[in-house]
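Examining the three-dimensional arrangement
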Amino acid sequence: MLDLITAHAILPHLKAGNKKQALQELARKASELTGQPERLIFDVLLDRERLGTTGVGHGIAIPHGKLSSLDRVHGVFARLERPIDFDAIDEQPVDLIFLLLAPDQSGADHLKALARVSRLLRDQAVCEKLRGAQSGDAIFALLTQNEASPAA
Amino acid sequence: MEAVSYIILIGSTLLIVSVLTSYLALRIGAPLLLIFLGIGLLAGEDGIGRIAFNDPQTAFLIGSMALAVILFESGFDTKLSSYKAAAWPAMTLATVGVGITTGVIGAAAHYLMNLPWAEALLVGAAVSSTDAAAVFFLLRVGGITLRDRVRSTLEIESGTNDPVAIMLTIILVEAASHGWGSPWQVAEELIRSVFFGGALGLIGGWLVVTFINKARFETGMNPVVTLTFALFLFGGANVLGGSGYLAVYAAGLYAGNVKLRGALELRRFHAGLTWLSQIVMFVMLGLLATPHEFADIALPALAIAFLLILVARPLAVWICLLPFRFSANETTFIAWVGLRGAVSLLLALVPVLGGLDNGQMVFNTAFIVVVVSLLVQGWTIGAMARWLGLIVPPRRGPVERVELELPGNADQELVAYTVHAKSPAARGQRMPRWARPSLVIRADMVVPLYKAKPLQPGDHVYLFAPPHQLPLIDKLFGGSRALDQDDREFYGDLVLSPDATVEQIAEMYGLPLSLPNAKLTLSDLLRHEFGGSCELGDRVRMGDVELIVRDMDERGVTSVGMALEPTMATKPRVPLFRHPTELVGKLRNWWGKQSFRRWKRREQMKERRGDGD
């Protein structure tokens, strides 16, 4: 996970009233990290949501998309102050969001990153810890330490 | 007078005991039919009841009637739509499959028990027909939904293979007592009984339906009409040289799939009657059996039972399903669910009635086979389905719905729902026009509609709706349910819209793309891939991911899932049942590896020789 996300890419107390706002905030953060225009990132994310929601259930969403001029796969993690409606498949509100942006030519890397994130957040225990974590650093530690066993 | 009372008392006691133990059996998950059989055995001459019942003639008469009733209901309850998905594989299993099973088991009986060929084949024919009633009962009790194609195939197979096995048995008994007829004669007899049976059944079915729809009896009379008609048809077809069993099944199938007055009530009646028939048949056959004779043939009979479960049935299923699109796990499951039941025992009575020398031996063997099958397969069916990943995780939460049939022929039903606390309706979602309640009862009081909004949990809502819209309305008033891990495995990690094109998805995730498919939408892709009839849980591989049918309505796929890391759901659990092309591929692989090894060895030899020089 270390190659996907940095300690700076974590928003431990994001405030957002709805799905659009949350995506906007995430796009802003991603724009800071990658130097890509915020608007472009936001549009890419919206395009993907149009193909089907990325709210995978249990309060988790994994919005993602592709950008042509990225150098590698970038991740941003946000924990929402208050859960929001995200059109998730189980219709439950979402409070943990992991954003993934991949370069256009990333091929299998994009999928692999998605699979890793999905696998990590599938673990209910990890999610509970993420929800209870005190700080951004604690969240970062949780996200990265749990990857120690790639088979899980 | 006293004797009659005693008989009635004993008979009803047996029934009551059966019904009561069935309650217990459900608790411990024991195969119910085995319990009934056990009660019969216990009450019988070698058990504690010491009832000497040795009248195969009566047993066969009662058994045939019970079977006719069961077959009628089995047809009545089979939806024609399931035929669309599974008719050909099921029919192949019911014909070719029965043939293969009969052959393999016949050969085994011939060599293991030293029976002459005709009688050995009789053993095979008797145990070649499956009894799915038990299977579905067990699955239903566990609250498990099987994948549609698998369920339909098993259901139709079990309905249609009885007549085939019966005809085979009758022909074999004739062969055993009067010598083999010419193949031409045998074929003629088969064709005649199938043709007459099927045709008379359909005509009979049409007659019953018209009769009930036109004559407008008192509703209490309808079950009497269907029941007597079924028996009339059974007897009539048999007398005319058709297959009575096929006739009642076909009649039931017809009546169950057209508009029929009071159909709901009839279903309830026939379901109850089928219960009674199953109990009567099994208890009676248990009474008829004489376990002290079993010792002589126990070993070869057990061998035959396991041959049937582990070799004959899997072989037959594998061969029959080759031309159809079944996954290895589905084939494995269908092979395992070759549960044998009352039909096998009844068929094994035919040689006894025919006065064959080894008739009793045939019956005893079949009896042991059925008991083993009920024990081994009957007990493990749910676990097997789960292990093979063939269970469809329920999509909706609990729905409390009661349907009431309306008088007249309006294509509407009155349905009553209890609003679930976690339903969209209780959350205040706006109801579409076709789902507006006509009547709301809250706390035992009728609430005027304008005051009823918003609906509250526990409200009883009555509304009129065409039957095909019920699944949609279920969604509104039923509870939503939490996702669990199985869902992810079955339906994938992400959701995609069915209208997304293959191109879009391939581009987004860097998947390989075949040009002719590029412009297809995902729902078209899935539909094409499964020959126009895909169902929940169908999976298509696309590069490193799998696309899965997540949800559908009558118009097609409404939601597509994507599994990022395809898991066990498609991986074959048992390394048998591969498609020949797969086997050839494996073989070629192996051969390639061997050649490479040989080549390496040759090179080494050369090198060594070079060193020696």
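Residues numbered from 1 in each chain as written. Chains lettered and ligands numbered in written order. Predicted model: local features only at pLDDT ≥ 70, side-chain atom pairs only at ≥ 80, totals over all residues. Heavy atoms only, no water.

Spelled out, the test is: UniProt positions are given in the numbering used here, feature names are shortened, and annotations may be inferred rather than shown by experiment.
For chain B, an unreviewed UniProt entry supplies the name Potassium/proton antiporter and the organism Azospirillum cavernae. Of the comments in the UniProt record for chain B, the one headed Subcellular location (unreviewed entry) reads "Cell membrane".

The name recorded for chain A in an unreviewed UniProt entry is PTS IIA-like nitrogen-regulatory protein PtsN, from Azospirillum cavernae. Taken from UniProt, the Subcellular location (unreviewed entry) comment for chain A reads in full: "Cytoplasm".

Notes on the overall build of chain A
Stated precisely, the cut-off is as follows: Here a helix means four or more residues in a row that DSSP labels H or I, a strand means two or more in a row labelled E, and each is numbered from the N terminus. We compute the radius of gyration over the C-alpha atoms and compare it with the globule rule, which gives 2.2 Å times the number of residues raised to the power 0.38. Partly exposed residues are those whose accessible area sits between 20% and 50% of the maximum for their type, while under 20% is buried and over 50% is exposed, using a 1.4 Å probe and protein chains only. By the convention used here, residues are in contact when the closest approach between their heavy atoms is within 4.5 Å. Only the protein chains shown count as cover for residues, and the accessible areas themselves come from Shrake-Rupley with a 1.4 Å probe. Charge assignment in this entry is limited to Lys and Arg as positive and Asp and Glu as negative, and neither His nor the chain termini are counted. Taken as the charge location is NZ of Lys, CZ of Arg, CG of Asp or CD of Glu.
Across its full length, chain A carries five helices and six strands. Helices (α) and strands (β) of chain A occur, in sequence order from the N terminus, as β-α-α-β-β-β-β-β-α-α-α. Its C-alpha atoms give chain A a radius of gyration of 14 Å, near enough to 15 Å, the size a compact globule of 152 residues would have. Expressed along its principal axes, the backbone C-alpha trace of chain A runs to roughly 35 × 35 × 25 Å. Across the 152 residues that make up chain A, the buried fraction comes to 56%. Counted over contacts in chain A with a minimum sequence separation of 6, partners at least 24 positions apart contribute 69%. About 6600 Å² of surface is accessible on chain A, with carbon and sulfur atoms providing 50% of the total. Charge-centre separation for chain A: the mean point of 18 positive side chains lies 1 Å from the mean point of 20 negative side chains.

Section: the domain arrangement of chain B
How we decide: Each domain span listed reflects an automatic or database assignment of domains.
For chain B, the assigned domains are domain 1 (1-172 + 262-388), domain 2 (413-477), domain 3 (485-568) and domain 4 (579-612). Here the C-alpha centroids of domain 2 of chain B and domain 3 of chain B sit 34 Å apart.

So, the interface of chain B and chain A
For an interface, size is often stated in terms of accessible area lost upon the parts coming together. Formally: Defined in terms of a 1.4 Å probe, buried area is the accessible area two parts forfeit on being brought together, summed over both. Throughout this description, the term salt bridge denotes a Lys or Arg side-chain nitrogen within 4 Å of a carboxyl oxygen of Asp or Glu. Note on residue classes: Ala, Val, Leu, Ile, Met, Phe, Trp, Tyr, Cys and Pro are nonpolar, Asp, Glu, Lys and Arg are charged, and everything else, Gly too, is polar.
At the interface, 23 residues of chain B touch 22 residues of chain A. Interface area, chain B with chain A, both sides summed: about 2200 Å², of which 57% is carbon and sulfur. Summed over the shared surface of chain B and chain A, the number is one salt bridge. The salt bridge involving B:Asp493 is made with A:Arg122; its shortest N-O contact spans 2.3 Å. Listed by contribution, the elements that provide at least two residues to the side of chain B that touches chain A are helix H18 (485-491), strand E6 (494-496), helix H19 (502-509) and strand E8 (545-553) of chain B. Here the element with the most residues in the side of chain B that touches chain A is H19(B); it accounts for five residues. A per-class count over the side of chain B that touches chain A returns 11 nonpolar, five polar and seven charged.

Concerning helix H7 (residues 148-178) of chain B
Residues and elements named next belong to chain B. How we decide: Multiplying 1.5 Å by the residue count of a helix minus one yields the expected span of that helix. Two axes define the bend at a residue: one fitted to the seven residues ending there, one fitted to the seven starting there, and the bend is the angle between them.
Along its 31 residues, H7 runs 45 Å from first to last C-alpha, staying within 8% of the 45 Å computed at 1.5 Å per residue. The largest bend along H7 measures about 30° and falls at Asn 161, with the proline Pro 163 one to four residues further on. Counting buried positions over the 31 residues of H7 gives 22, a clear majority of the element. Immediately downstream of H7, the backbone of Gly 179 shows phi near 85°, a positive value.

Observations regarding helix H4 (residues 80-113) of chain B
Between the first and last C-alpha of H4(B) there are merely 43 Å, a value that for 34 residues lags more than 12% behind the 50 Å anticipated at 1.5 Å per step. Directly beyond the C-terminal end of H4(B), a positive phi value near 55° is found at B:Asn114.

Observations concerning the packing of aromatic side chains
Heads up, the condition is: A pair of Phe, Tyr and Trp rings is counted when the ring centres sit within 6.5 Å of each other, with Trp represented by its six-membered ring. The angle between the planes then sorts it: under 30 degrees is stacked, over 60 is edge-to-face, the rest tilted. A positively charged side chain is recorded as over a ring if its NZ (Lys) or CZ (Arg) lies within 6 Å of the ring centre. The angle to the ring normal must also be within 35 degrees.
Taken as a whole and assessed by the stated rule, the structure comprises 12 aromatic pairs over all chains. Ring centres of B:Phe72 and B:Phe76 lie 5.8 Å apart, and the angle between their planes is 15°; this geometry places the pair in the stacked category. Taken together, the residues B:Phe72 and B:Phe76, both in helix H3 (residues 56-76) and four residues apart, mark about one turn of the helix. Taking relative accessible area as the criterion, B:Phe72 reaches 3% and is therefore assigned buried. Ring plane angle 25° and centroid distance 5.8 Å describe the contact between B:Phe596 and B:Trp599, whose orientation is recorded as stacked. Here B:Phe596 and its partner B:Trp599 are both found in helix H21 (residues 580-612), three residues apart, which amounts to about one turn of the helix. For B:Phe596, a relative accessible area of 47% corresponds to the partly exposed category. In this structure an aromatic cluster arises from ring pairing among B:Phe211, B:Phe229 and B:Phe232. If you follow A:Lys19 out to its NZ or CZ, it ends over the ring of A:Phe86, 4.6 Å from the centre. The ring of B:Phe76 has B:Arg267 lying over it, and the distance from NZ or CZ to the ring centre is 4.7 Å.

Details of the pairing of strand E4 (residues 64-67) of chain A
Along a regular strand, successive side chains alternate from one face of the sheet to the other. Residues and elements named next belong to chain A. Operational definition: Two strands pair if DSSP finds at least two bridges between them.
What you see with E4 is no split at all: His 64 and Lys 66 on one side and Gly 65 and Leu 67 on the other are buried throughout. Looking at chain direction, E4 and strand E6 (residues 94-103) are connected through four bridges and run parallel. Its bridge partner being in E6, Gly 65 is matched across the sheet by Leu 101.

Observations concerning a positive patch on the surface
The following threshold applies: Here the term patch refers to residues with relative accessible area over 30% and no salt bridge, with like charges joined within 9 Å and nonpolar side chains (Val, Leu, Ile, Met, Phe, Trp, Tyr) within 5 Å.
A surface patch of positive charge is lined by B:Lys593, B:Arg597, B:Arg598, B:Lys600, B:Arg601 and B:Arg602. In this structure, B:Lys593 sits in helix H21.

A closer look at the packing of H3(B) against helix H14 (residues 342-353) of chain B
Residue and element names in this part refer to chain B. We count it as follows: Orientation is described by lines fitted to C-alpha atoms, with helices fitted over the stretch in contact, and by angles between N-to-C directions that extend from 0 to 180 degrees. Take the far helix as the reference: if the near one is turned anticlockwise from it by less than a right angle, the crossing is left-handed, and if turned clockwise, right-handed.
Put simply, H3 and H14 touch, their axes get as near as 10 Å, and they point 145° apart. Note on packing geometry: the crossing formed by H3 with H14 is left-handed. Mapping the contact onto sequence places Pro 56, Gln 57, Ala 59, Phe 60, Gly 63, Ser 64 and Leu 67 in H3 and Val 343, Leu 346, Leu 349, Val 350, Val 352 and Leu 353 in H14. For the contact of H3 with H14, the per-class residue count stands at 10 nonpolar, three polar and no charged.

Quick word on the side chain of B:Thr92
Residues and elements named next belong to chain B. Checked against the element boundaries, Thr 92 lands in helix H4. Given the relative accessible area of 18%, Thr 92 is considered buried. The contact partners of Thr 92, leaving out residues within four places of it in the chain, are Gly 97, Cys 320 and Phe 324.

Focus: the sheet that holds E6(B)
Residue and element names in this part refer to chain B. Taken in spatial order, the four strands line up as E6-E9-E8-E7 in an open sheet, and their pairing is antiparallel. Where the open sheet ends on each side, the last strands, each with one partner, are E6 and strand E7 (539-542). Between one strand and the next, the sheet's axes are offset by a mean angle of 30°, whatever the strand orientation.

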